[in-house]
Amino acid sequence: MNLLKYLNRGKLIVMKQFWNNVKDGQWLKSHAFWLRFFAYGIPFAFLLYMLYWNFLPFGYDKEFVIDVGSPSDMSGEFRLKPSEYLSDRMSTTTMNGFVETWREISGPIYAVYNPSGVLRDKRMYIDVEGDNVTVMPLEISDDYSRYDWDYIWDFTHGSKPAEFYGKADFFSDNSTQACAYFDGNSGDRLELSNSADLFEDQAFSVYVNWQPDNDATSSQQIVGHYNWELFQNRDSVVFQVGRMSNQNGPFFSIRYPVTPDFFGRKHAALAIYNPSNEDGRIDLYIDERYVGRTYFQRLRIWPGYNSNRDLSFGKSEHGNGTYFTGCIFRSAIMNGVAISDRKNLSYRINGMGEISIPLMTTGRSVIRSVILRVNN
């Protein structure tokens, strides 16, 4: 009992001494205190910040607006990216004294969102205001069966589809690699019968699911029709159209850079050819992510460019074409545009890092504002 009283008395003395030290205020001048404060306080503050962004029920909800043409349209967390296709800032004052600002655009530009923290499973909504300016979807579904294909070819069933001629090694679903395999050395090449006059005189979209295995050779045709091709290069994937309009017409392309780890893995591409009387263009998606756009104005694929060539897989008849090495699993083509741009879109995002939002032109374009809202 005496021991218990002694301990209680000791606790009381310690508490009184602690309170006297607090009132004295000398601890505020102590270097040791502030070192401990920052050592423990900063990680705790960061933990609270992460909880706020990612887990608390009220989450994150914020709106950003780029007032295009204003002095700040290329600065801040949400901003325009400098581009040769952007005009100088323009403005006018209305009769009631309101200042309107804008820019003209003559090609694809990008709005850049650089979030200040980690965004975990958030929804991003984008609206663009202006004349003849739209947004291209950043990402598409990996379920390509949802599109209304005119032709679908599945090469995973162990035999060559009846409508094709040529050579490849076919492995069935019960093998380790169910696909049409092209070895790059034995003249492996497949062609679609009676397709010389198809897929060139109107808009089309082509999908292919493939695995490249040769990272030492370029100009390996994945799929193509002589006047358009999807090539696997050692350092890129390229969608190319041309010649355009006549026998001396130009070529246009979109290039997607790749690194050595791109090889030996499955990938998917969706390439779109969309001719127009004003702003003809090609678009490309690789692995469901948007790569970019190239315009060719009023030009069109010239059907007379080696007009007797059928659709082919594995080798282009162009002089620099080489044999493809790897697997082709599936492919499909539609007459029309599978994915089109629009005035607004939504997109689910995770993680952190810069997000580039492609803004497109259709004819003479004026852009006034871009609105971004991020929430749960």
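Structure shown above.
First things first, this report covers the structure right here in the doc. (Residues numbered from 1 in each chain as written. Predicted model: local features only at pLDDT ≥ 70, side-chain atom pairs only at ≥ 80, totals over all residues. Heavy atoms only, no water.)

Some details on the overall build of the protein chain
Stage number 1. Each helix and strand counted, the protein chain has 2 helices and 23 strands in total.
Stage number 2. Considering the protein chain as a whole, with its 376 residues, one finds that 45% of them fall into the buried category.
Stage number 3. Excluding contacts between residues fewer than 6 apart, the proportion of contacts in the protein chain whose partners are at least 24 apart in sequence is 69%.
Stage number 4. Summing over all exposed atoms, the protein chain offers an accessible surface of approximately 19,800 Å²; the carbon and sulfur share of this is 51%. (Helix = DSSP H or I, 4+ residues; strand = E, 2+ residues; numbered from the N terminus. Buried < 20%, exposed > 50% of the residue type's maximum accessible area, 1.4 Å probe, protein only. Contact = heavy atoms within 4.5 Å. Areas by Shrake-Rupley, 256 points an atom, 1.4 Å probe, with all protein chains shown as cover.)

Quick look at the nonpolar core
Stage number 1. Trp210, Trp228 and Phe313 are the most contacted members of the largest nonpolar core, which has 40 residues in total.
Stage number 2. The biggest single contributor to this core is strand E12 (residues 204-212), with 4 residues.
Stage number 3. Judged by nonpolar contacts, the second largest core, of 26 residues, contains Val68, Leu86, Ile105 and Ile357. (Core = buried A, V, L, I, M, F, W, Y, C linked by side-chain atoms within 4.5 Å.)

A word on the state of the cysteines
Here, disulfide denotes a covalent bond that connects the sulfur atoms of two cysteines.
Stage number 1. By the definition in use, this model includes 1 disulfide.
Stage number 2. Cys179 shares a disulfide with Cys327; S-S distance 2.0 Å. Of this pair, Cys179 sits in the loop between strand E9 (169-170) and strand E10 (180-183) while Cys327 sits in strand E21 (residues 325-334), and the two are 148 residues apart along the sequence. The same class applies to Cys179 as to Cys327, namely buried. (Disulfide = S-S within 2.5 Å.)

Concerning the environment of Thr217
Stage number 1. Tracing the chain through its elements places Thr217 in the loop between E12 and strand E13 (220-224).
Stage number 2. Of the residues examined, Thr217 reaches a relative accessible area of 25% and is grouped as partly exposed.
Stage number 3. Thr217 sits 105 residues away from Thr322 along the chain, and the two C-alpha atoms are 7.6 Å apart.
Stage number 4. What Thr217 contacts, discounting residues up to four positions off in sequence, is Gln232, Asn233, Arg234 and Thr322.
Stage number 5. At a separation of 3.2 Å, a polar atom in the side chain of Thr217 contacts the side chain of Asn214. (Polar contact = N/O pair within 3.5 Å; in protein donor to acceptor, adjacent residues only side chain to side chain.)

Some remarks on the pattern of salt bridges
Stage number 1. Per the stated rule, a full pass over the model turns up 16 salt bridges.
Stage number 2. Note that Arg189 is salt-bridged to Glu191, the shortest N-O span being 2.6 Å. Glu191 carries the same exposure label as Arg189, and that label is buried.
Stage number 3. Between Arg293 and Asp341 there is a salt bridge, with the nearest N and O atoms lying 3.3 Å from each other. A residue pair is termed long-range when its members are at least 10 positions apart, and Arg293 in strand E19 (residues 289-297) and Asp341 in the loop between E21 and strand E22 (344-351) qualify at 48 residues.
Stage number 4. On the accessibility criterion, Arg293 (9% relative accessible area) is buried.
Stage number 5. Beyond isolated ion pairs, a larger network of salt bridges with shared partners links Asp279, Arg281, Asp283, Arg293 and Asp341. (Salt bridge = Lys/Arg side-chain N within 4 Å of Asp/Glu carboxyl O.)

Examining the packing of aromatic side chains
Stage number 1. Enumeration over the complete set of coordinates arrives at 26 aromatic pairs.
Stage number 2. With 5.8 Å between their ring centres and 70° between their planes, Tyr147 and Trp149 make a pair best called edge-to-face.
Stage number 3. Ring centres of Phe155 and Phe313 lie 5.5 Å apart, and the angle between their planes is 80°; this geometry places the pair in the edge-to-face category. Linking Phe155 in the loop between strand E7 (151-154) and strand E8 (164-167) with Phe313 in strand E20 (residues 312-313), this pair joins segments that are 158 residues apart in sequence. Across this residue pair, the class does not change: Phe155 and Phe313 are buried. (Phe/Tyr/Trp six-rings, centres within 6.5 Å; stacked < 30°, edge-to-face > 60°.)

A closer look at the pairing of strand E4 (residues 99-105)
Strand residues, when the strand is regular, have side chains that alternate between the two faces of the sheet.
Stage number 1. Across 4 bridges, strand E3 (residues 90-93) lies against E4 in antiparallel orientation. When the bridges of E4 are listed, Met90 appears paired with Trp102.
Stage number 2. Here E3 hands over to E4 after 5 residues, with Gly97 in that stretch at a positive phi of 90°.
Stage number 3. Relative to strand E23 (residues 355-375), E4 runs antiparallel, the two being bridged by 3 bridges. Across the sheet, the residue bridging to Glu104 is Val366, located in E23. (Pairing = 2+ DSSP bridges.)

Quick notes on the pairing of E10
Stage number 1. Bridge count for E9 against E10 is 2 bridges, and the pairing is antiparallel. Bridge pairing links Phe170 to Ala180 in E10.
Stage number 2. Pairing geometry for E10 and E21, over 4 bridges, is antiparallel. Its bridge partner lying in E21, Ala180 is registered against Ile328.

What to know about unusual backbone geometry
Stage number 1. Put simply, Gly242 and Arg243 share a cis peptide bond, and its omega is 10°.
Stage number 2. The phi torsion at Tyr226 lies on the positive side, around 70°, for a residue other than glycine.
Stage number 3. Mapped onto the elements of the fold, Tyr226 is located in the loop between E13 and strand E14 (228-232).

Quick look at the environment of Ala338
Stage number 1. Along the chain, Ala338 turns up in the loop between E21 and E22.
Stage number 2. Here Ala338 falls in the buried class, since its relative accessible area comes to 16%.
Stage number 3. Note: C-alpha distance between Ala338 and Leu270 (68 residues apart in sequence) is 8.6 Å.
Stage number 4. With residues near it in sequence (within four places) discarded, Ala338 still touches Tyr147, Ser205 and Leu270.

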